[in-house]
Amino acid sequence: MELSKDDVKMTKGLAILAMLCLHLFCRRGTDIKISYFLWFSDDTPLLYYLGFFCECCVAIYSFCAGYAQYLLAEKAPTIKEYVKQSLWRLLKFAINCWTILTLFYILAFIIGRQNVFGEGVGKLLLNFTLTQKDFNGAWWYVFTYIILTIISPVLYWICKKSNSILCVVTVIIIGVSWWVVLRMGVLEISSWSMIQVSNIVKSDVLAAYMIGMIFRKERYISLIRKKVIETNNWIIFMLSGLIFVVVSLIQKAVVMPFVGIIVVIIFSILKKGEKTKKLFLFLGMHSTNIWLLHMFFYAESSLFPDLVFGVKYPIAVLGLLLFLSIMSSYVVMGGSNLIYKYIDKAKR
């Protein structure tokens with residue numbers, strides 16, 4: 001059995017939880033703003049390694065996006081219909097982003113923090129194009145996702161017509177080569193266009209996205225599930241623990257795309273209780289908004305700098321950030337849904 005719509009949503013729920021852990025806990029030395037009880041060394045808390053491991057969230061998101069796009073292309077009766085559906089999804093995504101920017105711009109004036117958005121409205125309007133991330137660092141992936149969706153018909157055609165193994169090997173080589181180029185400083189990645197190219201080509205984006213497409217094409221999840229159907233959860237947990245230890249020892253960003261895909265596979269074969277499913281479905285439902293919102297509540301240059309760090313302890317900080325992001329997500333959903341309904345009426 002392949003990944004269902006709910007499976008993908010639960011996986012996105014896992015990814016957003018990983019993203020929050022990455023941004024909160026992957027800190028050392030003077031960057032630490034949380035009170036920890038357990039430390040690996042004087043400047044490194046144990047939870048730092050969980051935060052580093054959670055860097056695989058980008059690969060998980062990209063995999064899910066590629067998998068979903070291939071599924072959409074398969075179900076569309078014509079390529080024209082596929083493009084139409086993809087553009088509608090992009091419009092809905094953009095409306096979500098615009099709703100968040102508008103709400104937080106208004107809120108900035110209410111609380112007297114309008115300086116966060118710069119002088120005048122020029123920078124705000126530029127950010128409305130979704131090509132900039134001046135107000136929220138997590139938005140670097142916004143334009144990357146838009147470009148991936150726009151070129152997805154080409155990527156779908158490549159995946160469909162190419163040998164799957166050759167396709168996977170090629171995108172991995174491209175991604176790893178780009179990582180090496182960046183590490184060696186061969187290219188200067190300073191211009192806006194080069195930054196966008198780098199964001200897409202690096203291995204945890206393009207490679208993970210196309211591998212997601214290949215997994216859907218070849219039904220690899222079904223094959224894996226058939227082979228491990230009787231696998232006990234404890235074996236899966238021990239395997240996950242081993243991977244965590246290896247990643248903690250290596251601590252190289254280049255391995256994170258592979259880790260992300262392994263995490264997707266492990267999560268897909270894990271036997272989940274109903275409460276666990278409901279939890280991850282709930283997080284998955286809000287995952288896009290949590291991604292777009294969460295940095296407003298702690299980043300130093302945001303509306304509420306260090307707000308969530310006020311509760312000091314890891315579980316409390318994570319819980320408060322989730323609560324604020326989800327409550328804000330409901331507000332954003334309400335505003336976005338009104339716009340969707342208006343557009344639907346206008347189309348008729």
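Presented here is an overview of the structure given in this document. What you see is a predicted model; the values in this text were computed from it and never measured.

## Focus: the overall build of the chain
Here is step 1: Scanning the chain from N- to C-terminus turns up 15 helices and two strands.
Here is step 2: For 348 residues, the compact-globule formula gives about 20 Å, and the C-alpha radius of gyration of the chain, at 20 Å, lands near that figure.
Here is step 3: Taken over the C-alpha atoms alone, the chain extends approximately 60 × 55 × 50 Å along its principal axes.
Here is step 4: Residue burial in the chain is summarised as follows: out of 348 residues, 48% are buried.

## Considering the pattern of salt bridges
Here is step 1: In the structure shown here, the tally under the stated rule is five salt bridges.
Here is step 2: The partner of Arg 219 in a salt bridge is Glu 74, and the shortest N-O contact between them spans 3.1 Å. With Arg 219 in the loop between helix 10 (206-218) and helix 11 (220-227) and Glu 74 in helix 3 (residues 57-75), this pair connects stretches of sequence that are 145 residues apart.
Here is step 3: Across the pair Glu 274 and Lys 277 runs a salt bridge whose closest N-O atoms are separated by 3.9 Å.

## A word on a positive patch on the surface
Here is step 1: A contiguous patch of positive charge on the surface is contributed by Lys 5, Lys 75, Arg 89 and Lys 92.
Here is step 2: A relative accessible area of 33% means that Arg 89 is categorised as partly exposed.

## Brief notes about the environment of Met 10
Here is step 1: In this fold, Met 10 is placed in helix 1 (residues 5-25).
Here is step 2: Met 10 gets classed as buried once you look at its relative accessible area, which sits at 4%.
Here is step 3: Here the alpha-carbon distance between Met 10 and Leu 279, two residues 269 residues apart in the chain, equals 8.3 Å.
Here is step 4: If we ignore the near neighbours within four places in the chain, the residues touching Met 10 are Phe 267, Lys 272, Lys 277, Phe 280 and Leu 281.

## Section: a nonpolar patch on the surface
Here is step 1: On the surface, a nonpolar cluster with roughly 550 Å² of combined accessible area is contributed by Leu 239, Leu 242, Val 245, Val 246, Leu 249 and Ile 250.
Here is step 2: Tracing the backbone shows Val 245 in helix 12 (residues 233-250).
Here is step 3: A relative accessible area of 43% means that Val 245 is categorised as partly exposed.

## A closer look at helix 11
Here is step 1: Taken as a whole, helix 11 has its buried residues at Ile 221, Ser 222 and Arg 225. Down the axis of helix 11, the buried set is contained in an arc of 100°. They therefore lie on one face. Residues of helix 11 that are exposed and point more than 90 degrees away from the buried face comprise Lys 226 and Lys 227.
Here is step 2: Buried-residue contacts for helix 11 involve helix 1, helix 10 and helix 13 (256-269).

## Side note on the packing of aromatic side chains
Here is step 1: In this structure the tally under the stated criterion is 22 aromatic pairs.
Here is step 2: For the ring pair Phe 104 and Phe 297, a centre distance of 6.2 Å and an interplane angle of 70° mean the geometry is edge-to-face. With a gap of 193 residues between them, Phe 104 in helix 4 (residues 79-110) and Phe 297 in the loop between helix 14 (274-293) and helix 15 (314-347) connect regions that are remote in the sequence. Each of the two residues, Phe 104 as well as Phe 297, counts as buried.
Here is step 3: Among the aromatic side chains, those forming a connected cluster through ring pairs are Tyr 61, Phe 93, Trp 140, Tyr 141, Tyr 145 and Trp 291.
Here is step 4: The positively charged end of Lys 272 is found above the aromatic ring belonging to Phe 267, 4.5 Å away from the centroid.

## Brief notes about the packing of helix 3 against helix 4
Two quantities define a packed helix pair, namely the angle between the helix axes and the distance between the axes.
Here is step 1: Contact geometry of helix 3 with helix 4 gives a least axis separation of 9 Å together with a crossing angle of 140°. It follows from the interaxial angle that helix 3 and helix 4 lie oblique. Helix 3 and helix 4 meet at a crossing whose hand is right-handed. Taken together, the residues of helix 4 that come into contact with helix 3 (itself represented by Ala 68, Gln 69, Leu 72 and Ala 73) are Tyr 82, Gln 85, Ser 86 and Arg 89.
Here is step 2: A per-class count over the contact of helix 3 with helix 4 returns four nonpolar, three polar and one charged.

Conventions adopted
- Residues numbered from 1 in each chain as written.
- Predicted model: local features only at pLDDT ≥ 70, side-chain atom pairs only at ≥ 80, totals over all residues.
- Heavy atoms only, no water.
- Helix = DSSP H or I, 4+ residues; strand = E, 2+ residues; numbered from the N terminus.
- Rg over C-alpha atoms; globule rule 2.2 N^0.38 Å.
- Buried < 20%, exposed > 50% of the residue type's maximum accessible area, 1.4 Å probe, protein only.
- Salt bridge = Lys/Arg side-chain N within 4 Å of Asp/Glu carboxyl O.
- Patch = residues over 30% accessible without salt bridge, like charges linked within 9 Å, V, L, I, M, F, W, Y side chains within 5 Å.
- Areas by Shrake-Rupley, 256 points an atom, 1.4 Å probe, with all protein chains shown as cover.
- Lys, Arg positive; Asp, Glu negative; His and termini not counted.
- Charge placed at Lys NZ, Arg CZ, Asp CG, Glu CD.
- Contact = heavy atoms within 4.5 Å.
- Arc of directions from axis to C-beta.
- Phe/Tyr/Trp six-rings, centres within 6.5 Å; stacked < 30°, edge-to-face > 60°.
- Lys NZ or Arg CZ within 6 Å of the ring centre and 35° of its normal.
- Axes fitted to C-alpha atoms, helices over the stretch in contact; angles between N-to-C directions.
- Parallel < 35°, antiparallel > 145°, perpendicular 65-115°, else oblique.
- Left-handed = near helix turned anticlockwise from the far one by under 90°.
- Nonpolar A, V, L, I, M, F, W, Y, C, P; charged D, E, K, R; others polar.

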